[in-house]
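Given next are the chains, with one letter for each unit.
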Amino acid sequence: MRNMRRQAMQRGVIAVLDIGTTKIACLILQFDGPGVFRETDGVGPMAGQSNFRVIGAATTRSRGVRFGEIETMAETERAIRTVVQSAQKIAGVRVDHVIACLSGARPASYGLAGDIAIDAGKVSEQDVARVLASCEVPDFGRGREVLHAQPVNFAVDSRSGLLDPREHSGNRLACDMHVLTIDGDAAGNLVSCIQRCDLELAGVASASYVSGLASLVEDEQELGGACIDLGGGVTGVSVFIRKHMIFADAARIGGDLITMDIAKGLRTSHATAERIKTLHGGLEATGRDDREMIELGGDTGDWETDRRSVSRADLIGIMRPRVEEILEQVRDILDAAGFDYLPSRQIVLTGGGSQIPGLDALAARMLGQNVRIGRPLRIQGLAHSATAPGFASAIGLALLTAHPQDEWWDFEMPAEKYPARSLRRAYRWFRNNW
Amino acid sequence: MSGLTPDLREQAAYGQRPVPARNPAARPAPPQARLQPRDPAPSRLAYRLHRLWLTPIIRKLTRVGLPAFVAALVVGVWLSDETRRAQISGGLTGIVESIQNRDEFMVTMMTIEGASPVVDRGLRSMLPVTLPSSSFDIDLVDLRARVMKLDAVESVELRIKPGGVLSAVVTERVPVVLWRHARGIELLDKTGHRVASATSRDVRPDLPIIAGEGADRATAEAMLLVDAAGPILPRLRGLVRVGERRWDLVLDHGQRIMLPAEDPLPALERIIAIDRAQDVLGRDLGSIDLRAEGRPTVRLGLDAQNAIRRARGQVELGEDGKPLDPAAQKAKLAGEARKTNG
């Protein structure tokens with residue numbers, strides 16, 4: 001998959017696919033290679049994101065996805081086809097490589113520690129590889145697959161907190177690694193879905209992680225912050241410190257549930273409920289909201305039913321408990337992650353659900369004082385319509401594509417892992433083909 | 001005003017109409033099929049075709065390759081007929097010829113300047129076309145190359161002047177020397193280039209004659225020597241190239257002046273000076289060898305040698321250069337004495 005990503009980088013065009021519960025977004029990125037900065041325009045390297053450009057962006061209603069997992073393969077495949085085709089049409093180029101992100105699939109975070117003795121007295125490239133390989137791997141459970149594995153911290157002897165231990169002198173090298181696992185079957189579904197669209201999967205990422213990359217500013221990533229991605233079916237939580245993700249999880253509850261509550265409570269169709277939520281939704285009821293009447297509308301044919309109206313206060317009364325429930329689950333996740341012990345407890349709300357008016361006040365009351373609503377970073381060439389908080393994960397995935405981080409991206413692969421694997425792969429290829 | 005106020009009588013006439021039947025109170029119209037959210041998904045075939053269309057090579061093939069192929073096919077099929085091809089090529093050549101044969105391009109006459117009658121005749125015979133003809137048919141470069149092959153022509157300037165005149169200005173080679181070699185006698189110009197052949201020396205008695213292999217390549221040097229000969233010029237019979245490296249001056253009475261290979265001119269001037277002072281060449285000498293610098297060597301003639309030998313009382317030499325038999329010499333002497341006595 002890494003080779004695929006290299007190949008895609010060489011070709012210069014790669015698609016980014018965010019498969020969410022309510023919408024599927026596709027961005028087509030063009031890499032011009034580094035060194036195309038326009039220093040004269042006062043635009044610096046901009047955190048390394050000026051080397052790519054969005055040349056096509058499309059979004060479509062998601063189909064066959066529940067709780068961030070693919071449920072109906074054929075429907076999802078059609079949705080992916082739709083969005084990829086329209087993005088290709090806008091970009092005017094054909095894409096063959098896709099990096100996708102999944103919001104659901106029950107992510108689970110593990111912190112691993114490894115420790116080795118250094119023979120040479122100096123940390124070499126291979127020592128880093130060895131210490132990464134020496135991390136004790138717990139039993140993830142059946143059918144779990146590692147999605148992200150990133151070294152978070154290195155320590156040489158007693159000096160901890162190193163980002164890059166190469167060339168350090170010392171006798172022992174220790175590392176902390178963060179591993180994110182997801183359900184293997186959900187990932188397999190994603191792979192087969194994308195392959196049935198004639199696309200090559202060049203990478204998979206967790207949506208909670210990538211929306212954190214897009215929404216947290218650099219200081220928040222450095223000092224400690226959590227990104228809460230309020231999506232349609234899944235609310236993702238990722239915790240960053242020292243520019244590394246140290247925790248990620250997802251609660252299987254989201255904006256769709258609010259819509260469903262409204263539809264049930266007001267006895268309207270799902271589409272009407274969605275419209276009312278989007279246009280009139282809120283979380284803090286004031287005296288004025290009692291007088292503001294909302295026409296429900298409808299096309300049942302019954303005049304009485306179609307001409308109903310509710311006050312905005314009623315709507316808020318339906319929405320608020322559900323949002324509180326979501327935030328309570330987020331609170332539980334953050335407590336489990338030990339978020340309270342971070343130096344700066346900045347919380348950034350993003351995702352489509354973060355656009356509910358009054359959410360920041362409610363979240364500040366429930367989660368802590370340092371809450372802000374985050375919009376994703378601006379990236380070059382992205383249409384204004386695709387800069388909403390709901391595109392945080394797609395934009396974060398684009399950033400991750402430009403600056404891939406995984407266990408062996410920054411460091412070399414251990415030497416002993418190379419030959420056996422490639423020989424085995426060659427053998428398998430021969431057996432499959434003859 | 002009649003247009004604005006309605007005519008009441010007319011209205012009364014139409015008022016006789018029955019009241020139109022009212023529709024009974026209807027049930028509300030059945031609800032229209034609920035507007036499904038549009039899910040425009042391309043079929044797999046449309047998706048693949050779209051991707052194929054976005055592939056650069058396919059796109060280029062379809063946009064450029066296919067029209068080019070079709071055009072080539074149409075042209076090829078149309079041209080596959082023999083008569084059509086002939087028609088086209090015939091038409092083209094007809095147009096080209098009609099332009100080339102316009103009066104403006106016709107060459108009607110040829111003028112030749114500076115050529116002797118022989119060269120003039122040769123030049124006219126070399127012209128590939130019969131005048132008048134189109135100037136497109138006369139390849140001046142080729143014609144010039146062919147004229148330059150004539151030995152007698154040093155340079156020629158060919159051009160077509162306005163008015164349809166082909167003008168040739170010829171510079172002929174001037175013969176300065178005759179060269180006698182194994183295959184005959186030739187006239188050479190000052191660079192040694194052949195001008196013409198001569199049947200005998202008497203054709204040009206005014207020119208000096210040179211002989212020997214490679215003499216033509218040293219014609220310039222020979223001319224210098226002839227010019228320097230000055231006082232002995234009346235006695236000069238000719239120059240002989242020896243061994244393709246040096247000259248012999250041949251005078252009458254069989255005398256030879258052998259000049260060195262390098263710097264023959266000073267050597268010749270020296271022998272002329274000596275001759276003027278001591279009348280060397282007037283004496284009985286076979287040859288004067290000037291090849292060794294500063295040491296002219298002379299070979300005496302037979303009479304001079306015999307005079308010396310007689311004075312020394314030695315046996316005289318015969319015509320073949322060998323000493324004569326003493327008896328024969330005596331007889332000869334006696335015969336001479338008898339002759340003088342008688």
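First, a word on what this report is: a plain description of the structure on this page. All chains use their own residue numbering, which begins from 1 and follows the written sequence. Think of it this way: whatever chain is written first is A, whatever ligand is written first is 1, and the rest follow in order. With the structure being a predicted model, the display of local features is reserved for residues of pLDDT at least 70 and the display and counting of side-chain atom pairs for 80 or more, all residues being used for whole-chain, interface and lining totals. Values shown for side chains rest on all heavy atoms present in the structure; no hydrogens or waters enter the calculation.

1. A look at the sheet that holds strand β4 (residues 153-161) of chain B
Residue and element names in this part refer to chain B. Selection rule: Pairing between strands is defined by DSSP: at least two bridges between the two strands are required. We count a stretch as a helix when DSSP gives it H or I for four or more residues in a row; a strand needs E for two or more, and each element gets its number in order from the N terminus. For every element, the axis is a line fit to its C-alpha atoms; helices are fit only across the contacting stretch, and the angle between N-to-C directions ranges from 0 to 180 degrees. The contact criterion used throughout is that any non-hydrogen atoms of two residues lie within 4.5 Å.
With mixed pairing, three strands are arranged side by side in an open sheet as β2-β5-β4. Unpaired on one side and paired on the other, β2 (109-113) and β4 mark the two borders of the sheet. Strand after strand, the sheet turns through a mean of 15° between neighbouring axes, direction not considered. Across eight bridges, the pairing between β4 and strand β5 (residues 165-172) is antiparallel. By the bridge assignment, serine 155 is partnered in β5 with threonine 171. Of the strands in this sheet, β2, β4 and β5 touch helix α5 (residues 117-126), which is tilted by about 150° from β2. Where helix α6 (residues 140-147) meets the sheet, it contacts β4 and β5, and its direction lies at approximately 155° from that of β4.

2. What about the packing of aromatic side chains?
All names here are of chain A. The line we're drawing: Here a pair means two rings of Phe, Tyr or Trp (six-membered ring of Trp) with centres within 6.5 Å. Their orientation is stacked below 30 degrees between planes, edge-to-face above 60, and tilted elsewhere. Relative accessibility thresholds used throughout: buried, under 20% of the residue-type maximum; exposed, over 50%; partly exposed, between the two (1.4 Å probe, protein chains only). The criterion for a charge sitting over a ring is simple: Lys NZ or Arg CZ within 6 Å of the ring centre, and within 35 degrees of the ring normal.
This structure, assessed with the given rule, holds four aromatic pairs over all chains. Look at phenylalanine 31 and phenylalanine 52: their rings are 5.8 Å apart centre to centre, the planes differ by 45°, and that puts the pair in the tilted class. Here phenylalanine 52 lies in strand β3 (residues 52-61) and phenylalanine 31 lies in strand β2 (residues 23-31), a separation of 21 residues in the sequence. The exposure class assigned to phenylalanine 31 is buried, which follows from its relative accessible area of 12%. One cation-aromatic arrangement involves lysine 23 over phenylalanine 391; the distance from NZ or CZ to the ring centre is 4.8 Å.

3. Points about helix α11 (residues 312-337) of chain A
How we decide: The length a helix should cover is 1.5 Å for every residue beyond the first.
With 26 residues, α11(A) extends 36 Å from end C-alpha to end C-alpha; this agrees with the ideal 38 Å at 1.5 Å per step. Two residues or fewer after α11(A) comes A:Gly338, characterised by a positive phi angle close to 75°.

4. Structural notes on the sheet that holds strand β6 (residues 97-102) of chain A
Residues and elements named next belong to chain A. Here we have five strands laid out as an open sheet, ordered β3-β2-β1-β6-β11, and mixed in their pairing. Edge strands, defined here as strands with exactly one partner in the open sheet, are β3 and β11 (200-206). Neighbour-to-neighbour, the strand axes of this sheet turn through a mean angle of 20°, independent of strand direction. Both strand β1 (residues 13-19) and β6 contribute to a ladder of five bridges, which runs parallel. Paired with aspartate 18 across the strands is cysteine 101, a residue of β6.

5. Considering the interface of chain B and chain A
Many authors give the size of an interface as the accessible area that is lost as the parts come together. In plain terms, the rule: Buried area adds together the accessible area that both of two parts lose upon being put together, with accessible area traced by a 1.4 Å probe. What makes a salt bridge here is a side-chain nitrogen of Lys or Arg within 4 Å of a carboxyl oxygen of Asp or Glu, nothing more. Definition of a polar contact: a pair of N or O atoms within 3.5 Å, with one able to donate and the other able to accept a hydrogen when the atoms are protein atoms, and with sequence-neighbouring residues admitted only if both atoms are side-chain atoms.
Counting residues at the interface gives 17 residues for chain B and 22 residues for chain A. Around 1800 Å² of area is buried between chain B and chain A when both sides are counted, 44% of it from carbon and sulfur atoms. For the pair chain B and chain A, the interface holds three salt bridges. A salt bridge links A:Asp198 to B:Arg48; its shortest N-O distance comes to 2.6 Å. Our count for the chain B to chain A interface comes out at nine residue pairs in polar contact (both at pLDDT 80 or more).

6. Some words on the pattern of salt bridges
Side-chain pairing between opposite charges can occur once the charged atoms of the two side chains come close. As enumerated under the stated definition, the model contains 38 salt bridges over all chains in all. Note that B:Asp189 is salt-bridged to B:Arg173, the shortest N-O span being 3.3 Å. Separated by 16 residues along the polypeptide, B:Asp189 in the loop between β7 (184-188) and β8 (194-198) and B:Arg173 in the loop between β5 and β6 (177-181) bring together distant segments of the chain. With a relative accessible area of 16%, B:Arg173 lands in the buried category. A single salt-bridge network, built from bridges that share partners, covers A:Glu77, A:Arg81, A:Arg196 and B:Arg44.

7. Quick word on the environment of A:Ala105
Residue and element names in this part refer to chain A. Looking at the secondary structure, you find alanine 105 in the loop between β6 and β7 (108-117). Residue alanine 105 is classed as buried on the basis of its relative accessible area, which comes to 0%. Alanine 105 sits 79 residues away from glycine 184 along the chain, and the two C-alpha atoms are 8.2 Å apart.

8. A short note on the environment of A:His244
Residues and elements named next belong to chain A. Looking at where histidine 244 falls in the secondary structure, it is placed in strand β14 (residues 244-251). Note: C-alpha distance between histidine 244 and proline 151 (93 residues apart in sequence) is 8.4 Å. In contact with histidine 244, not counting residues within four places along its chain, are Pro151, Val152, Leu163 and Val239.

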